[in-house]
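Analysis of the macromolecular model
What follows is each chain in one-letter form.
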Amino acid sequence: MQLRELSDLTGMPIASIKYYLREGILPAGSRVTATRSDYNESHVRRIKTIQTLRNVNGLSVAQIREVVALVDRGASRVEILKGLQRELQRLGEPAPGRTEAGNAVVRLRGWPDVPTAARGALDSHLEQMNALGLSIPHDALDTYSQAVDLIAKVDINDAASAEDLDTLVTRTAVGMHMHSQLVLKLLALAQASRSIALYGRAPGPEGLPPEPVATHEPVAPPEPVAPREPVTPA
């Protein structure tokens, strides 16, 4: 397909396509003439990847370049997933486990005991909670980690079914952002629903009693006034 067709198919303006070609983020097409190149489905997939990382995840051009560089050099899927997590969730550098609660989670779920950016981020959050005196009970930690493990399984299995690395990036990027936001919204709804089941429905907004409904009763006409008797002089 020609450049105009690629633009029409993906919704990306020609000027933007040329920009990403110059930046090396979008691979060059097959040269047909001195002024024309041919593009294929791999270019469509790469543009979808760029659009997702840019519009859904808000990554900069430099960050997008880091991600697609992993794809272009044929990195393993686990390397790509780690790179995406680093760029999308800004977790910092890989770190070994350093909190008892974090180590307990790894043991409970049977997760690999290896240094990762996610492991370091979890430990940092647990340390912040401890500093505020908010230690988490073992049972709650078990329940939370079990729930997120099931969610992660769905996300990773969906990404793993991708036939090519660009599709892997697109699915994972959507999962790490939109699916995570969906989980938070579902959690908010579950908490609200549990509260209603426990305490009952609030009578009105913010617990205030509902405003009385105004009624318009028919107004009776005034009683007729009897005429006064004339007064005769004595």
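These notes cover the structure that comes with them. Please read these numbers as outputs of a predicted model, since none were measured by experiment. (Residues numbered from 1 in each chain as written. Predicted model: local features only at pLDDT ≥ 70, side-chain atom pairs only at ≥ 80, totals over all residues. Heavy atoms only, no water.)

**Here we look at the side chain of Thr49**
The condition is simple: Where helices and strands are cited, they refer to DSSP runs of H or I of at least four residues and of E of at least two residues respectively, numbered from the N terminus. Pairs of N or O atoms within 3.5 Å make up the polar contacts considered here, provided that, within protein, one atom can donate a hydrogen while the other can accept it, and that residues adjacent in sequence are counted only when both atoms are side-chain atoms. A contact between two residues is defined here by any heavy atoms of the two lying within 4.5 Å.
With respect to the helices and strands, Thr49 occurs in helix α3 (residues 41–56). Of note is the side chain of Thr49, whose polar atom sits 3.0 Å from the side chain of Asp166. The contacts of Thr49, once residues within four sequence positions are left out, are Asp166, Val169 and Thr170.

**Points about the nonpolar core**
Operational definition: As used here, the term nonpolar core means buried Ala, Val, Leu, Ile, Met, Phe, Trp, Tyr and Cys residues forming a set that is joined through side-chain atoms within 4.5 Å. Each residue is placed in one exposure class: buried if its accessible area under a 1.4 Å probe, protein chains only, is under 20% of its type's maximum, exposed if it is over 50%, and partly exposed if it falls in between.
Core analysis: the biggest nonpolar cluster contains 30 residues, and Leu53 and Ile80 have the highest contact counts within it. For this core, the elements supplying multiple residues, two or more each, are α1 (3–10), α2 (14–23), α3, α4 (61–72), α5 (77–89) and α9 (165–199). If you tally residues by element for this core, the top one is α4, at six residues. The contact partners of Leu53, leaving out residues within four places of it in the chain, are Gly58, Leu59, Ile64, Val67, Leu84, Leu88, Val169 and Ala173.

**Digging into the packing of helix α6 (residues 100–109) against helix α8 (residues 138–160)**
The geometry of a pair of packed helices is captured by two quantities: the angle between their axes and the separation between those axes. Inclusion rule: Interaxial angle, 0 to 180 degrees, is taken between N-to-C directions of lines fitted to C-alpha atoms, where a helix line uses only the stretch in contact. What sets the label is the angle itself: under 35 degrees gives roughly parallel, over 145 gives roughly antiparallel, 65 to 115 gives roughly perpendicular, and the rest give oblique. Here is the rule for handedness: rotate from the far helix to the near one, and if that takes an anticlockwise turn smaller than a right angle the crossing is left-handed, while a clockwise turn gives right-handed. We call Asp, Glu, Lys and Arg charged. Ala, Val, Leu, Ile, Met, Phe, Trp, Tyr, Cys and Pro are nonpolar, and the rest, Gly among them, are polar.
Taken N-terminus to C-terminus, the directions of α6 and α8 make an angle of 55°; their axes are 10 Å apart at the nearest point. When the axes of α6 and α8 are compared, the pair comes out oblique. Between α6 and α8 the crossing geometry is right-handed. Contacts from Ala101, Ala104, Val105, Leu108 and Arg109 of α6 reach α8 at His138, Leu141, Asp142, Ser145, Gln146 and Asp149. Considering only residue class, the contact of α6 with α8 consists of five nonpolar, three polar and three charged.

**Some details on the packing of aromatic side chains**
Basically, it comes down to this: To pair, rings of Phe, Tyr and Trp, with the six-membered ring standing in for Trp, must have centres within 6.5 Å; the planes then decide the type, stacked if under 30 degrees apart, edge-to-face if over 60, and tilted in the middle.
Scanning all chains against the criterion turns up one aromatic pair. Ring geometry for Tyr19 versus Tyr20: centroids 5.3 Å apart, planes at 70°, classification edge-to-face. Accessibility expressed as a relative area gives 30% for Tyr19, which makes it partly exposed. On the basis of relative accessibility, which here comes to 9%, the residue Tyr20 falls in the buried class.

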